[in-house]
Amino acid sequence: MVVAVLGGASAAAGVLDSPAIPTGVLYTNILVAEVPWSIHVVKVQRGIALYEIQSRHAGRGALGLSTLSDQTTALDPALGTAVAAINGGFYRRDNAYAGCPRGLQIVEGEVLSAPSGNVSFWIDVLGEPHTTNVSSRFELTWPDGRVTPFGLNGERSRNGVELYTPAVGTSTRTEGGRELVLERQEGSRWLPLRMGRNYPARVREVRQEGNTSLGSDIMVLSLGPGIMSQFQSVGTGAVLRVSTVSQPALLGARTALSGGPLLLQSAKPQKVRSSPEDPYEFSSMLERHPRTAFGWNKQCYFLVQVDGRQRDLSVGMTLDELSAWLVKLGCEAALNLDGGGSSSLWFEGHVRNNPCDGYERAIANSLLVVRKMASSGGTRGTSKSPNLMERSKGNEP
(Lines give C-alpha, C1' and ligand atoms only; values in the text may rest on other atoms or scores of the structure.)
Protein backbone atom coordinates (compact mmCIF):
# COMPACT_ATOMS: atom_id res chain seq x y z
CA MET A 1 0.00 0.00 0.00
CA VAL A 2 1.24 3.45 -0.94
CA VAL A 3 0.06 6.47 1.06
CA ALA A 4 0.94 9.98 -0.10
CA VAL A 5 0.58 13.04 2.12
CA LEU A 6 0.51 16.14 -0.10
CA GLY A 7 0.77 19.81 0.67
CA GLY A 8 1.45 23.11 -1.04
CA ALA A 9 3.11 24.47 2.10
CA SER A 10 4.00 23.35 5.63
CA ALA A 11 2.63 19.98 6.66
CA ALA A 12 4.20 19.55 10.09
CA ALA A 13 2.24 17.24 12.38
CA GLY A 14 -0.43 16.95 9.71
CA VAL A 15 -1.29 20.64 9.87
CA LEU A 16 -1.02 22.99 6.92
CA ASP A 17 -0.84 26.45 8.39
CA SER A 18 1.93 28.46 6.74
CA PRO A 19 1.34 31.50 4.50
CA ALA A 20 0.19 30.72 0.98
CA ILE A 21 2.84 30.19 -1.67
CA PRO A 22 2.34 30.50 -5.42
CA THR A 23 1.45 27.51 -7.55
CA GLY A 24 4.26 25.50 -8.98
CA VAL A 25 5.75 23.88 -5.85
CA LEU A 26 4.34 20.73 -4.24
CA TYR A 27 5.67 18.69 -1.31
CA THR A 28 4.71 15.02 -0.93
CA ASN A 29 5.58 12.38 1.68
CA ILE A 30 5.05 8.93 0.13
CA LEU A 31 4.78 6.06 2.62
CA VAL A 32 5.20 2.48 1.39
CA ALA A 33 4.24 0.31 4.36
CA GLU A 34 5.27 -3.07 2.97
CA VAL A 35 9.01 -2.32 2.85
CA PRO A 36 8.79 0.17 4.66
CA TRP A 37 9.84 3.36 2.84
CA SER A 38 9.29 7.01 3.64
CA ILE A 39 10.00 9.09 0.52
CA HIS A 40 9.94 12.88 0.53
CA VAL A 41 9.49 14.71 -2.77
CA VAL A 42 9.38 18.37 -3.72
CA LYS A 43 8.16 18.93 -7.27
CA VAL A 44 8.89 22.31 -8.84
CA GLN A 45 7.29 23.39 -12.09
CA ARG A 46 9.84 24.63 -14.61
CA GLY A 47 9.18 27.71 -16.70
CA ILE A 48 7.94 29.87 -13.81
CA ALA A 49 10.33 32.82 -13.66
CA LEU A 50 9.58 33.33 -9.98
CA TYR A 51 11.54 30.20 -8.99
CA GLU A 52 15.22 29.42 -9.37
CA ILE A 53 17.45 26.46 -8.45
CA GLN A 54 20.55 27.67 -6.59
CA SER A 55 23.47 25.89 -4.97
CA ARG A 56 24.65 27.17 -1.60
CA HIS A 57 27.63 26.50 0.66
CA ALA A 58 27.93 26.66 4.43
CA GLY A 59 28.96 30.09 5.68
CA ARG A 60 28.63 31.62 2.19
CA GLY A 61 32.19 30.52 1.39
CA ALA A 62 34.09 27.55 -0.01
CA LEU A 63 34.79 25.80 3.32
CA GLY A 64 32.92 25.04 6.52
CA LEU A 65 29.91 23.02 7.62
CA SER A 66 26.39 23.97 8.70
CA THR A 67 22.97 22.32 8.75
CA LEU A 68 20.61 22.43 5.81
CA SER A 69 18.23 24.58 7.88
CA ASP A 70 21.02 27.08 8.54
CA GLN A 71 21.95 27.24 4.87
CA THR A 72 18.38 28.11 3.91
CA THR A 73 18.11 30.90 6.49
CA ALA A 74 21.53 32.29 5.53
CA LEU A 75 20.29 33.11 2.02
CA ASP A 76 20.70 36.80 1.22
CA PRO A 77 17.16 38.29 1.19
CA ALA A 78 18.11 40.25 -1.90
CA LEU A 79 18.32 36.92 -3.76
CA GLY A 80 14.89 35.79 -2.60
CA THR A 81 13.44 33.34 -0.08
CA ALA A 82 14.16 29.63 0.20
CA VAL A 83 11.06 27.49 -0.38
CA ALA A 84 12.65 24.03 -0.44
CA ALA A 85 16.10 22.45 -0.22
CA ILE A 86 18.02 19.19 -0.19
CA ASN A 87 21.53 18.40 0.98
CA GLY A 88 24.22 18.59 -1.66
CA GLY A 89 27.22 16.56 -2.80
CA PHE A 90 30.12 14.79 -1.13
CA TYR A 91 32.70 16.78 0.82
CA ARG A 92 35.73 16.75 3.09
CA ARG A 93 34.58 16.14 6.67
CA ASP A 94 37.65 16.92 8.76
CA ASN A 95 40.80 19.05 9.25
CA ALA A 96 41.31 22.69 8.23
CA TYR A 97 39.54 22.08 4.90
CA ALA A 98 36.33 20.55 6.28
CA GLY A 99 33.48 21.35 3.92
CA CYS A 100 35.65 21.39 0.79
CA PRO A 101 33.45 19.92 -1.97
CA ARG A 102 34.69 16.73 -3.64
CA GLY A 103 34.22 18.20 -7.08
CA LEU A 104 32.74 21.26 -8.74
CA GLN A 105 30.58 23.85 -7.04
CA ILE A 106 29.41 27.16 -8.50
CA VAL A 107 27.36 29.61 -6.43
CA GLU A 108 25.85 32.69 -8.10
CA GLY A 109 28.36 32.27 -10.93
CA GLU A 110 31.41 32.11 -8.64
CA VAL A 111 33.57 28.99 -8.90
CA LEU A 112 34.24 27.72 -5.35
CA SER A 113 35.91 24.41 -6.21
CA ALA A 114 37.33 22.73 -9.30
CA PRO A 115 35.78 19.86 -11.27
CA SER A 116 37.20 16.44 -10.39
CA GLY A 117 35.92 14.35 -13.30
CA ASN A 118 32.87 13.05 -11.47
CA VAL A 119 29.21 13.64 -12.32
CA SER A 120 28.04 17.22 -11.93
CA PHE A 121 24.75 19.06 -12.34
CA TRP A 122 24.67 22.57 -13.75
CA ILE A 123 22.30 25.08 -15.29
CA ASP A 124 23.56 26.76 -18.44
CA VAL A 125 23.30 30.39 -19.48
CA LEU A 126 19.92 29.69 -21.12
CA GLY A 127 18.52 28.17 -17.92
CA GLU A 128 18.65 24.56 -19.13
CA PRO A 129 19.79 21.79 -16.72
CA HIS A 130 22.55 19.31 -17.58
CA THR A 131 24.35 16.44 -15.90
CA THR A 132 27.46 14.58 -17.03
CA ASN A 133 31.06 14.02 -15.94
CA VAL A 134 32.95 17.32 -15.81
CA SER A 135 36.75 17.39 -15.97
CA SER A 136 39.03 20.23 -14.93
CA ARG A 137 41.26 21.98 -17.42
CA PHE A 138 42.27 24.58 -14.83
CA GLU A 139 45.79 25.67 -15.78
CA LEU A 140 48.42 28.26 -14.97
CA THR A 141 50.62 29.64 -17.72
CA TRP A 142 53.94 30.89 -16.36
CA PRO A 143 56.00 33.78 -17.78
CA ASP A 144 58.31 31.30 -19.56
CA GLY A 145 55.36 29.52 -21.22
CA ARG A 146 55.22 26.45 -18.99
CA VAL A 147 51.73 25.23 -18.15
CA THR A 148 50.75 23.69 -14.79
CA PRO A 149 47.38 22.30 -13.65
CA PHE A 150 46.07 23.61 -10.33
CA GLY A 151 43.41 22.87 -7.75
CA LEU A 152 41.06 25.44 -6.25
CA ASN A 153 40.42 26.18 -2.56
CA GLY A 154 41.25 22.69 -1.32
CA GLU A 155 44.09 21.07 0.60
CA ARG A 156 47.39 21.50 -1.23
CA SER A 157 49.47 18.35 -1.61
CA ARG A 158 53.26 18.21 -1.23
CA ASN A 159 53.74 18.18 -5.00
CA GLY A 160 50.65 20.16 -5.85
CA VAL A 161 49.69 23.68 -6.87
CA GLU A 162 46.56 25.17 -5.31
CA LEU A 163 44.92 28.51 -5.97
CA TYR A 164 43.09 30.17 -3.06
CA THR A 165 40.45 32.86 -3.43
CA PRO A 166 38.78 34.99 -0.73
CA ALA A 167 36.02 32.34 -0.58
CA VAL A 168 38.18 30.19 1.75
CA GLY A 169 38.33 32.89 4.43
CA THR A 170 41.13 34.96 5.91
CA SER A 171 44.10 32.75 4.98
CA THR A 172 45.19 29.75 2.90
CA ARG A 173 45.51 27.45 5.98
CA THR A 174 48.56 25.82 4.38
CA GLU A 175 51.84 24.72 6.00
CA GLY A 176 55.18 25.29 4.31
CA GLY A 177 55.76 25.66 0.60
CA ARG A 178 56.07 28.88 -1.37
CA GLU A 179 53.15 31.23 -1.92
CA LEU A 180 52.63 33.94 -4.53
CA VAL A 181 50.21 36.74 -3.71
CA LEU A 182 48.37 37.62 -6.93
CA GLU A 183 46.68 40.90 -7.78
CA ARG A 184 44.71 42.14 -10.74
CA GLN A 185 46.61 43.05 -13.89
CA GLU A 186 45.44 46.52 -14.82
CA GLY A 187 42.58 46.49 -17.30
CA SER A 188 41.83 42.76 -17.00
CA ARG A 189 38.90 40.84 -15.50
CA TRP A 190 39.26 39.69 -11.90
CA LEU A 191 37.34 38.25 -8.97
CA PRO A 192 35.07 36.45 -8.47
CA LEU A 193 36.35 33.57 -10.61
CA ARG A 194 33.97 32.42 -13.36
CA MET A 195 34.05 29.27 -15.47
CA GLY A 196 35.71 29.23 -18.88
CA ARG A 197 37.75 32.40 -18.56
CA ASN A 198 41.38 33.55 -18.54
CA TYR A 199 42.67 35.89 -15.83
CA PRO A 200 46.03 37.70 -16.15
CA ALA A 201 47.45 37.97 -12.61
CA ARG A 202 50.43 39.97 -11.37
CA VAL A 203 52.63 38.73 -8.52
CA ARG A 204 52.42 41.32 -5.76
CA GLU A 205 54.45 39.46 -3.13
CA VAL A 206 56.33 36.18 -2.65
CA ARG A 207 56.22 34.37 0.70
CA GLN A 208 58.53 31.51 1.68
CA GLU A 209 56.01 29.94 4.03
CA GLY A 210 52.35 28.95 4.17
CA ASN A 211 49.14 30.31 5.66
CA THR A 212 49.25 33.55 3.70
CA SER A 213 46.54 36.10 4.49
CA LEU A 214 43.80 36.68 1.92
CA GLY A 215 41.93 39.86 1.08
CA SER A 216 38.92 40.73 -1.04
CA ASP A 217 41.10 41.83 -3.98
CA ILE A 218 43.81 39.13 -4.05
CA MET A 219 44.33 35.43 -4.71
CA VAL A 220 47.18 33.29 -3.41
CA LEU A 221 48.95 30.62 -5.44
CA SER A 222 50.44 27.96 -3.14
CA LEU A 223 53.28 25.72 -4.36
CA GLY A 224 53.96 22.52 -2.42
CA PRO A 225 57.44 21.84 -0.98
CA GLY A 226 58.02 19.14 -3.58
CA ILE A 227 57.45 21.42 -6.57
CA MET A 228 58.31 24.94 -5.45
CA SER A 229 61.97 24.75 -6.54
CA GLN A 230 60.82 24.57 -10.17
CA PHE A 231 59.46 28.11 -9.95
CA GLN A 232 62.08 29.92 -7.86
CA SER A 233 62.70 32.41 -10.68
CA VAL A 234 59.13 33.72 -10.55
CA GLY A 235 59.19 36.87 -8.46
CA THR A 236 57.41 40.15 -7.77
CA GLY A 237 56.01 41.80 -10.90
CA ALA A 238 55.76 38.59 -12.93
CA VAL A 239 52.48 38.06 -14.80
CA LEU A 240 50.77 34.65 -14.87
CA ARG A 241 47.63 33.56 -16.68
CA VAL A 242 44.94 31.65 -14.76
CA SER A 243 42.52 29.58 -16.87
CA THR A 244 39.25 28.11 -15.55
CA VAL A 245 38.33 26.00 -18.57
CA SER A 246 36.51 22.67 -18.18
CA GLN A 247 35.39 19.77 -20.33
CA PRO A 248 32.57 20.16 -21.26
CA ALA A 249 32.62 23.96 -21.28
CA LEU A 250 30.50 25.59 -18.57
CA LEU A 251 30.90 29.20 -19.67
CA GLY A 252 28.14 31.30 -18.14
CA ALA A 253 26.95 28.68 -15.64
CA ARG A 254 25.67 30.30 -12.43
CA THR A 255 24.80 27.12 -10.52
CA ALA A 256 26.66 23.80 -10.41
CA LEU A 257 27.15 20.96 -7.94
CA SER A 258 28.98 17.63 -8.12
CA GLY A 259 27.50 14.36 -6.95
CA GLY A 260 27.17 10.94 -8.47
CA PRO A 261 26.72 8.48 -9.77
CA LEU A 262 24.39 9.38 -12.62
CA LEU A 263 21.06 7.62 -11.95
CA LEU A 264 18.92 8.41 -15.01
CA GLN A 265 19.64 9.51 -18.55
CA SER A 266 16.90 9.84 -21.17
CA ALA A 267 14.50 8.35 -18.57
CA LYS A 268 16.57 5.14 -18.39
CA PRO A 269 18.26 3.88 -15.19
CA GLN A 270 22.05 3.83 -15.48
CA LYS A 271 24.15 0.83 -14.48
CA VAL A 272 25.92 1.18 -11.14
CA ARG A 273 29.61 0.63 -11.86
CA SER A 274 32.23 -0.65 -9.45
CA SER A 275 35.19 1.47 -8.40
CA PRO A 276 38.53 -0.27 -7.77
CA GLU A 277 39.68 2.84 -5.90
CA ASP A 278 36.89 2.63 -3.30
CA PRO A 279 35.31 -0.85 -2.86
CA TYR A 280 33.22 0.39 0.10
CA GLU A 281 31.67 3.15 -2.00
CA PHE A 282 30.53 0.56 -4.55
CA SER A 283 29.22 -1.91 -1.97
CA SER A 284 27.22 0.84 -0.25
CA MET A 285 25.46 1.57 -3.55
CA LEU A 286 24.02 -1.95 -3.45
CA GLU A 287 22.86 -1.62 0.17
CA ARG A 288 19.83 0.18 1.56
CA HIS A 289 20.73 3.56 3.06
CA PRO A 290 19.18 7.03 3.34
CA ARG A 291 19.35 8.64 -0.10
CA THR A 292 19.09 12.07 -1.73
CA ALA A 293 18.69 12.73 -5.46
CA PHE A 294 17.96 15.61 -7.81
CA GLY A 295 16.15 15.02 -11.08
CA TRP A 296 14.07 16.69 -13.77
CA ASN A 297 12.03 16.34 -16.91
CA LYS A 298 10.87 18.94 -19.43
CA GLN A 299 8.14 20.20 -17.08
CA CYS A 300 9.49 19.86 -13.51
CA TYR A 301 12.43 19.59 -11.14
CA PHE A 302 12.33 16.93 -8.41
CA LEU A 303 14.04 17.09 -5.01
CA VAL A 304 13.91 13.56 -3.59
CA GLN A 305 14.93 12.19 -0.19
CA VAL A 306 14.46 8.67 1.20
CA ASP A 307 14.72 8.01 4.93
CA GLY A 308 16.72 4.97 5.99
CA ARG A 309 18.31 2.90 8.78
CA GLN A 310 15.01 3.07 10.70
CA ARG A 311 13.35 -0.36 10.68
CA ASP A 312 9.86 0.79 11.68
CA LEU A 313 9.78 3.89 9.46
CA SER A 314 12.02 3.42 6.42
CA VAL A 315 14.89 1.06 5.64
CA GLY A 316 16.41 3.13 2.86
CA MET A 317 17.04 2.25 -0.78
CA THR A 318 19.74 0.82 -2.98
CA LEU A 319 20.69 3.05 -5.91
CA ASP A 320 18.81 0.74 -8.28
CA GLU A 321 15.67 1.09 -6.16
CA LEU A 322 16.13 4.85 -6.07
CA SER A 323 16.49 4.98 -9.86
CA ALA A 324 13.30 2.96 -10.28
CA TRP A 325 11.37 5.39 -8.07
CA LEU A 326 12.72 8.38 -9.95
CA VAL A 327 11.35 6.85 -13.16
CA LYS A 328 7.94 6.40 -11.45
CA LEU A 329 7.99 10.05 -10.43
CA GLY A 330 8.53 11.04 -14.06
CA CYS A 331 12.20 12.04 -14.04
CA GLU A 332 14.13 11.86 -17.30
CA ALA A 333 17.55 12.77 -15.83
CA ALA A 334 18.82 12.48 -12.25
CA LEU A 335 21.98 12.23 -10.19
CA ASN A 336 22.67 10.85 -6.75
CA LEU A 337 23.78 13.21 -3.98
CA ASP A 338 25.28 12.58 -0.54
CA GLY A 339 23.24 10.16 1.57
CA GLY A 340 23.42 8.52 5.00
CA GLY A 341 23.36 10.93 7.92
CA SER A 342 23.69 13.89 5.53
CA SER A 343 20.46 13.07 3.71
CA SER A 344 17.92 15.84 4.39
CA LEU A 345 14.95 17.58 2.76
CA TRP A 346 13.71 20.97 3.94
CA PHE A 347 10.41 22.55 2.92
CA GLU A 348 8.80 25.83 3.97
CA GLY A 349 10.66 26.29 7.25
CA HIS A 350 11.19 22.71 8.45
CA VAL A 351 13.22 19.57 7.78
CA ARG A 352 10.54 17.11 6.65
CA ASN A 353 12.40 13.82 6.82
CA ASN A 354 13.66 11.89 9.83
CA PRO A 355 17.49 11.98 9.80
CA CYS A 356 18.93 8.59 10.69
CA ASP A 357 21.24 10.13 13.34
CA GLY A 358 18.25 11.65 15.12
CA TYR A 359 19.41 15.20 14.37
CA GLU A 360 20.44 17.41 11.45
CA ARG A 361 24.03 16.81 10.46
CA ALA A 362 26.22 19.77 9.53
CA ILE A 363 26.95 19.51 5.78
CA ALA A 364 28.97 21.43 3.22
CA ASN A 365 26.46 22.43 0.58
CA SER A 366 22.92 22.19 -0.71
CA LEU A 367 20.51 22.81 -3.57
CA LEU A 368 17.77 25.34 -2.89
CA VAL A 369 14.52 26.24 -4.60
CA VAL A 370 14.45 30.02 -4.25
CA ARG A 371 11.41 32.24 -4.69
CA LYS A 372 12.97 35.34 -6.19
CA MET A 373 12.01 38.88 -5.35
CA ALA A 374 9.17 40.01 -7.60
CA SER A 375 10.28 42.51 -10.22
CA SER A 376 8.14 45.03 -12.02
CA GLY A 377 6.50 43.39 -14.99
CA GLY A 378 7.44 39.90 -13.76
CA THR A 379 5.06 36.98 -13.58
CA ARG A 380 4.22 35.82 -10.11
CA GLY A 381 1.69 33.18 -11.00
CA THR A 382 -1.49 32.51 -9.08
CA SER A 383 -1.45 32.13 -5.32
CA LYS A 384 -2.77 28.86 -4.00
CA SER A 385 -4.24 28.22 -0.61
CA PRO A 386 -2.06 25.91 1.47
CA ASN A 387 -4.95 24.76 3.66
CA LEU A 388 -5.39 21.52 1.78
CA MET A 389 -4.23 17.99 2.50
CA GLU A 390 -4.87 14.88 0.44
CA ARG A 391 -4.26 11.26 1.34
CA SER A 392 -4.24 8.98 -1.68
CA LYS A 393 -3.73 5.24 -2.05
CA GLY A 394 -2.63 3.33 -5.09
CA ASN A 395 0.24 1.74 -6.95
CA GLU A 396 1.72 4.93 -8.37
CA PRO A 397 3.34 7.89 -6.52
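For clarity, every value in this text was computed on a predicted model and none was experimentally measured.

Caption draft 1: Main features of the overall build of the protein. A tally of regular secondary structure across the protein gives three helices and 31 strands. Look at the contacts in the protein between residues 6 or more apart in sequence, and 74% of them connect residues 24 or more apart. Carbon together with sulfur atoms contributes 48% to the accessible area of the protein, which is approximately 17,200 Å² in total.

Caption draft 2: How the structure looks around helix 3 (residues 319–329). Where helix 3 is concerned, the buried positions are Leu319, Glu321, Leu322, Ser323, Trp325, Leu326 and Leu329. Count one or two residues on from helix 3 and you reach Gly330, which has phi positive near 110 degrees.

Caption draft 3: View of the sheet that holds strand 5 (residues 51–57). Strand order in this open sheet of five strands is 5-29-6-27-28, and the pairing throughout is antiparallel. Where the open sheet ends on each side, the last strands, each with one partner, are strand 5 and strand 28 (350–351). Bridge count for strand 5 against strand 29 (residues 365–371) is seven bridges, and the pairing is antiparallel. Across the sheet, residue Tyr51 finds its bridge partner in strand 29, namely Arg371.

Caption draft 4: Spatial organisation of the pairing of strand 6 (residues 81–87). For strand 6, the tally of buried residues reaches six of seven residues, placing the bulk of the element in the interior. With six bridges connecting them, strand 6 and strand 29 associate as antiparallel partners. Bridge pairing in strand 29 links Ala84 to Val369. Here three bridges tie strand 6 to strand 27 (residues 345–347), and the two strands are oriented antiparallel to one another. Bridging across to strand 27, Ile86 finds its partner in Leu345.

Caption draft 5: Just the confidence of the model for the protein, in detail. Considering every residue of the protein, the mean pLDDT works out to 89; 86% of them sit at 70 or more. When the criterion is pLDDT under 50, residues 9–21 qualifies, and its contacts beyond four places in sequence or with other chains add up to 40 contacts. Counting contacts from residues 376–397, a segment whose pLDDT is below 50, to residues more than four positions away or on other chains yields 46 contacts.

Caption draft 6: Region of interest: the packing of aromatic side chains. The full count for this structure, using the stated rule, is nine aromatic pairs. Seen from their ring centres, Phe294 and Tyr301 are 5.6 Å apart, and the 25 degrees between their planes marks the pair as stacked. In terms of burial, Phe294 and Tyr301 fall into one category: buried. Each residue in the set Phe121, Phe294, Trp296 and Tyr301 is aromatic and connected to the rest through ring pairs, giving one cluster. Taking NZ or CZ as reference, Lys328 lies 4.8 Å from the ring centre of Trp325, over its face. Between Arg352 and the ring centre of Tyr27, over which it is positioned, the NZ or CZ distance is 5.7 Å.

Caption draft 7: Here's a closer look at the sheet that holds strand 10 (residues 129–133). An order of 8-7-21-9-10 is seen for the five strands of this open sheet, with the pairing classed as antiparallel. Each having just a single partner strand, strand 8 (110–113) and strand 10 make up the two edges of the open sheet. Neighbouring strand axes in the sheet, compared pairwise and without regard to direction, differ in orientation by 25 degrees on average. Pairing geometry for strand 9 (residues 119–123) and strand 10, over five bridges, is antiparallel. Across the sheet, residue Trp122 finds its bridge partner in strand 10, namely His130.

Caption draft 8: Focus on the nonpolar core. By size, the foremost hydrophobic cluster in this structure holds 33 residues, and its most contacted members are Trp142, Leu163, Leu182 and Leu221. Sorting the residues of this core by element identifies strand 15 (161–164), strand 16 (178–184), strand 17 (198–207), strand 18 (219–223) and strand 19 (239–243) as the ones contributing at least two each. Non-local contacts of Trp142, meaning those with residues more than four positions away in its chain, are made with Val147, Thr148, Leu180, Leu221, Leu223, Phe231, Val234 and Leu240. In terms of nonpolar packing, the next biggest core, distinct from the first, is built from 27 residues, Val119, Leu257, Leu262 and Val369 among them.

Caption draft 9: Structural view of the pattern of salt bridges. Considering all chains together, one arrives at 13 salt bridges under this definition. Between Glu155 and Arg92 there is a salt bridge whose closest N-O contact spans 2.7 Å. You can see Glu155 sitting in the loop between strand 14 (151–152) and strand 15 and its partner Arg92 sitting in the loop between strand 6 and strand 7 (105–107), a full 63 residues away along the chain. Arg204 is paired through a salt bridge with Glu183; the nearest N and O atoms lie 2.8 Å apart. Of the two residues, Arg204 is situated in strand 17 and Glu183 in strand 16; the sequence distance between them amounts to 21 residues. Residue class for Arg204 comes out partly exposed when judged on its relative accessible area of 36%. Here the residues in one salt-bridge network are Glu183, Arg202, Arg204 and Asp217, joined through shared partners.

Caption draft 10: Region of the structure containing the pairing of strand 19. Note that strand 12 (residues 139–141) and strand 19 share three bridges and pair antiparallel. Bridge pairing in strand 19 links Leu140 to Val242. Judged from the five bridges that link them, strand 17 and strand 19 form a sheet pairing that is antiparallel. Bridged to Pro200 within strand 19 is Arg241.

Caption draft 11: Inspection of the environment of Arg291 at higher detail. By the secondary structure assignment, Arg291 is in strand 24 (residues 291–296). Separated by 46 residues in sequence, Arg291 and Leu337 place their C-alpha atoms 7.4 Å apart. There is a polar contact of 2.8 Å between the side chain of Arg291 and the backbone oxygen of Ser284.

What counts, and at which threshold
- Residues numbered from 1 in each chain as written.
- Predicted model: local features only at pLDDT ≥ 70, side-chain atom pairs only at ≥ 80, totals over all residues.
- Heavy atoms only, no water.
- Helix = DSSP H or I, 4+ residues; strand = E, 2+ residues; numbered from the N terminus.
- Contact = heavy atoms within 4.5 Å.
- Areas by Shrake-Rupley, 256 points an atom, 1.4 Å probe, with all protein chains shown as cover.
- Buried < 20%, exposed > 50% of the residue type's maximum accessible area, 1.4 Å probe, protein only.
- Pairing = 2+ DSSP bridges.
- pLDDT = per-residue confidence, 0-100.
- Phe/Tyr/Trp six-rings, centres within 6.5 Å; stacked < 30°, edge-to-face > 60°.
- Lys NZ or Arg CZ within 6 Å of the ring centre and 35° of its normal.
- Axes fitted to C-alpha atoms, helices over the stretch in contact; angles between N-to-C directions.
- Core = buried A, V, L, I, M, F, W, Y, C linked by side-chain atoms within 4.5 Å.
- Salt bridge = Lys/Arg side-chain N within 4 Å of Asp/Glu carboxyl O.
- Polar contact = N/O pair within 3.5 Å; in protein donor to acceptor, adjacent residues only side chain to side chain.

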